[in-house]
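Chains, contacts and geometry: an overview
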Amino acid sequence: MARPLGPVRLRRTNYLTLAIGAVLCIFIIYFLSHTGSSSQPANATRAPSRKPAAKSSLIGERPPVRRFNLNNVTITPDPIGNREAVLLLTPMARFYQEYWDNLVKLQYPHDLITLGFILPKTKEGNAATTALQAQITKTQKGPAKDRFRGVIIERQDFDPPLSSQDESERHKMENQKARRASMSRARNSLLFTTLGADTSWVLWLDSDIVETPHTLIQDLAAHDKPIIVPNCYQRFTDPATGKAAERPYDFNSWQDSPTAQEIAAKMQPDDIILEGYSEMATYRSLMTYMYEAGGEKMMEVNLDGVGGTALLVRADVHRDGAMFPPFPFYHLIETEGFAKMARRLGWHATGLPNYKVYHYNE
């Protein structure tokens, strides 16, 4: 049987307790909702952001691949009509204003001519470099028709064997081997660093050639020969008559002789044959003496050796490997050695005895 309950007593409500409980509930709800929305625990540490790796300064920007089809480089008897590029190279120890004045007057399109120079690091070489740069700046800032396609100036990284460039000192027989070996190194350095993929012709022109026909390049190219050289003379005043006269200058363009071949056969491996000296009579046929007054200007002769005062070469000859040996090559050196090397590669040299260029008269 159920027992009746006694009287019930109600406890008075404590509002302070209710307020504290409500605050705690709100805090708990906020805490749970904040941590639930995070993908990481509250005590997790964020990994430091990493900067993108910098490109190596050693690699740099890679240039685009350039392709050249040398079969498209023409080398023809009509270089102007076919817009053929010419590389005009000059080893220079002294600067002659007449050389530059003649160069600027060449009638081959200047926008097809790239000039290349190499000079020694000597007092004279420094003076020549300063004078050359002044003329280049003047020309390249002048009329557009006179501006050349490009100009390259190099300085030799070796000392010249002779302290003086005076003509009498340069042509002493005892100085020839060292002097011409140094010339070969300068020519090769200049050639190997400037020959372009689009070059058709290379014209070697000495810095003391002060007078040529203005049509020199196209005249020589018109013969369609791999190697061709004009006759080099020198103007002077005849002391006997006091009148202007001419005399042969470059004796390095020649046709070989049995005597020269016999001399070579008896030489030591490092000996060289020199032309134009009475101490070594070779009896070669020298082109300088083949000149005929009033003769056909474009008459051709075959040559075994060539000089380098003015020399036009198909770029293919140099590309095949023909250079200027700074060492005895079949007892020949520099330009004469070049002609021999070219012949060994299947290229032959031609001379123009009645086509003249003129050397500076010191």
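Residues numbered from 1 in each chain as written. Predicted model: local features only at pLDDT ≥ 70, side-chain atom pairs only at ≥ 80, totals over all residues. Heavy atoms only, no water.

**Structural notes on the overall build of the protein chain**
- The number of helices and strands found in the protein chain is nine helices and 12 strands.
- Counting the 362 residues in the protein chain, one finds 43% classified as buried.
- When contacts within the protein chain are restricted to residue pairs at least 6 apart in sequence, those whose partners lie at least 24 apart make up 78%. (Helix = DSSP H or I, 4+ residues; strand = E, 2+ residues; numbered from the N terminus. Buried < 20%, exposed > 50% of the residue type's maximum accessible area, 1.4 Å probe, protein only. Contact = heavy atoms within 4.5 Å.)

**A look at the side chain of His-223**
- Relative to the helices and strands, His-223 is located in the loop between helix H6 (216–221) and strand S6 (227–237).
- A polar atom in the side chain of His-223 sits 2.6 Å from the side chain of Glu-300.
- Other than its neighbours up to four places away in sequence, His-223 contacts Ile-228, Met-298, Glu-300 and Leu-352. (Polar contact = N/O pair within 3.5 Å; in protein donor to acceptor, adjacent residues only side chain to side chain.)

**Re the packing of aromatic side chains**
- Applying the stated criterion across every chain, the model contains eight aromatic pairs.
- Seen in terms of ring centroids, Trp-204 and Phe-324 are 5.0 Å apart; in terms of plane orientation they differ by 80°. Their pairing is edge-to-face. One end of the pair, Trp-204, is in strand S4 (residues 199–205); the other, Phe-324, is in the loop between helix H8 (315–319) and helix H9 (334–344), with 120 residues separating them in the sequence. Each member of the pair, Trp-204 together with Phe-324, is buried.
- Three or more aromatic residues joined by ring pairs make a cluster, and in this case those are Trp-100, Phe-117 and Phe-148.
- Residue placement shows Arg-235 over the ring face of Tyr-358; its charged tip is 3.9 Å from the ring centre.
- Its guanidinium or amino end placed over the ring of Tyr-291, Lys-356 lies 3.7 Å from that ring's centre, counting from NZ or CZ. (Phe/Tyr/Trp six-rings, centres within 6.5 Å; stacked < 30°, edge-to-face > 60°. Lys NZ or Arg CZ within 6 Å of the ring centre and 35° of its normal.)

**What about the nonpolar core?**
- One finds Leu-88, Tyr-99, Trp-100, Leu-103 and Phe-117 to be the most contacted residues of the largest nonpolar core, which totals 36 residues.
- Aside from chain neighbours lying at most four places away, what touches Leu-88 is Tyr-99, Leu-103, Leu-106, Ile-113, Thr-114, Leu-115, Gly-116, Leu-203 and Leu-205.
- By size, the runner-up hydrophobic cluster in this structure holds 26 residues, among which are Ala-186, Ile-227, Val-306 and Phe-338. (Core = buried A, V, L, I, M, F, W, Y, C linked by side-chain atoms within 4.5 Å.)

**Focus: the pairing of strand S7 (residues 244–248)**
- Alignment of S6 against S7, held across five bridges, turns out to be antiparallel. Each bridged residue has a counterpart across the sheet, and for Gln-234 the counterpart in S7 is Arg-247.
- As consecutive antiparallel partners, S6 and S7 are separated by six residues, and within that stretch Gly-242 has a phi angle of approximately 75°, a positive value. (Pairing = 2+ DSSP bridges.)

**Some remarks on the confidence of the model for the protein chain**
- Averaged over every residue, the pLDDT of the protein chain is 88; the share at 70 or more is 84%.
- Across residues 1–11 the pLDDT falls below 50, and counting only partners more than four positions away or on other chains, this stretch makes zero contacts in the model.
- Overall, residues 38–47 carries pLDDT values under 50, and its contacts beyond four positions in sequence, including any with other chains, amount to zero contacts. (pLDDT = per-residue confidence, 0-100.)

**Notes on helix H5 (residues 176–194)**
- Between the first and last C-alpha of H5 there are 27 Å, a value that for 19 residues agrees with the 27 Å anticipated at 1.5 Å per step.
- Residues Gln-176, Arg-179, Arg-180, Ala-181, Ser-182, Ser-184, Ala-186, Arg-187, Asn-188, Leu-190, Leu-191 and Thr-194 constitute the buried set of H5. (Expected span 1.5 Å × (residues − 1).)

**Describing the environment of Thr-114**
- Tracing the backbone through its elements, the reader meets Thr-114 in strand S2 (residues 113–119).
- Sequence separation between Thr-114 and Gly-196 is 82 residues, and the spatial gap between their C-alpha atoms is 9.7 Å.
- Apart from residues lying up to four places away in sequence, Thr-114 is in contact with Val-86, Leu-87, Leu-88, Arg-149, Gly-150 and Ile-152.

**Re the packing of H5 against H9**
- It is the contact of H5 with H9, at a shortest axis distance of 9 Å, that shows an interaxial angle of 60°. In terms of orientation, H5 lies oblique with respect to H9. Note on element contacts: H9 touches H5 through Glu-334, Thr-335 and Glu-336, opposite Arg-180, Met-183, Ser-184 and Arg-187.
- Classifying every residue of the contact of H5 with H9 gives one nonpolar, two polar and four charged. (Axes fitted to C-alpha atoms, helices over the stretch in contact; angles between N-to-C directions. Parallel < 35°, antiparallel > 145°, perpendicular 65-115°, else oblique. Nonpolar A, V, L, I, M, F, W, Y, C, P; charged D, E, K, R; others polar.)

**Some details on the pairing of S6**
- Counted residue by residue, S6 has nine buried out of 11 residues, so it is predominantly covered.
- Across two bridges, S6 lies against strand S11 (residues 310–314) in antiparallel orientation. Pairing of Ile-227 across the sheet is with Val-313, part of S11.
- The pairing of S6 with strand S12 (residues 349–359) spans eight bridges and is classified as parallel.

**A word on the environment of Thr-212**
- With respect to the helices, strands and loops of the structure, Thr-212 is situated in the loop between strand S5 (209–211) and H6.
- A C-alpha to C-alpha distance of 9.8 Å links Thr-212 and Pro-230, two positions 18 residues apart in sequence.
- Side-chain polar atoms of Thr-212 contact the side chain of Asn-102, separated by 3.1 Å.

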